[in-house]
Amino acid sequence: MSMSLAPHPVGIKFWTTLWRENKDLPYSQVHAKFQNWYGHTFHRVTGRYFYAHRAGPLGTFAPMVVFLVGFKVATMYYGTMRDLNAATAAAEAYGQGGYKTNPTPK
């Protein structure tokens, strides 16, 4: 009974070439080569998703600060709408005078 495997998706030549190029190098050189390759590959592949801006007064914290300010505004808006709707529901439940209000004098 023989079994055949599908060919490797990357290919054995890729892995043997990596081994041949790095087997006699010290770890520091292998690490430096990998860091250089990874840095270039990362920026080539994902560079289009980064906002090309200069580091202004907030520096690298600018995207985080903008996100947090937007999150704060959205949270405050949600809280305001929730409280307004709760007040309206309480007013409807207890009559048009609202919740815990003095009755209209006669």
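1. A short note on the overall build of the chain
Check the secondary structure of the chain and you find 3 helices and 0 strands. Each helix and strand of the chain, ordered N terminal to C terminal, gives the series α-α-α. Accessible area of the chain: about 10400 Å², with a carbon and sulfur share of 66%.

2. Looking at the confidence of the model for the chain
Mean pLDDT for the chain: 83, with 81% of residues reaching 70 or above. Across the chain, element-level confidence peaks in helix α2 (residues 27–46) with a mean pLDDT of 92 and bottoms out in helix α1 (residues 12–22) with 87.

3. Overview of the packing of aromatic side chains
Two measures describe an aromatic ring pair: the distance that separates the ring centres and the angle between the ring planes. Tallying each qualifying case throughout the model produces 5 aromatic pairs. Plain terms: the ring middles of F14 and W15 are 4.9 Å apart, the flat faces sit at 80° to each other, and that makes the pair edge-to-face. When its relative accessible area of 41% is taken as the criterion, F14 is described as partly exposed. Residue W15 is classed as partly exposed on the basis of its relative accessible area of 43%. For the pair F67 and F71, a centre-to-centre distance of 6.2 Å together with 20° between the ring planes defines the contact as stacked. Pair noted here: F67 and F71 are both in helix α3 (residues 62–93), with a separation of 4 residues, about one helical turn. Relative accessible area serves as the criterion here: at 52%, F71 is assigned to the exposed category. Through pairs of rings, three or more aromatic residues link up here, namely F34, W37, Y38 and F42.

What counts and what doesn't
- Residues numbered from 1 in each chain as written.
- Predicted model: local features only at pLDDT ≥ 70, side-chain atom pairs only at ≥ 80, totals over all residues.
- Heavy atoms only, no water.
- Helix = DSSP H or I, 4+ residues; strand = E, 2+ residues; numbered from the N terminus.
- Areas by Shrake-Rupley, 256 points an atom, 1.4 Å probe, with all protein chains shown as cover.
- pLDDT = per-residue confidence, 0-100.
- Phe/Tyr/Trp six-rings, centres within 6.5 Å; stacked < 30°, edge-to-face > 60°.
- Buried < 20%, exposed > 50% of the residue type's maximum accessible area, 1.4 Å probe, protein only.

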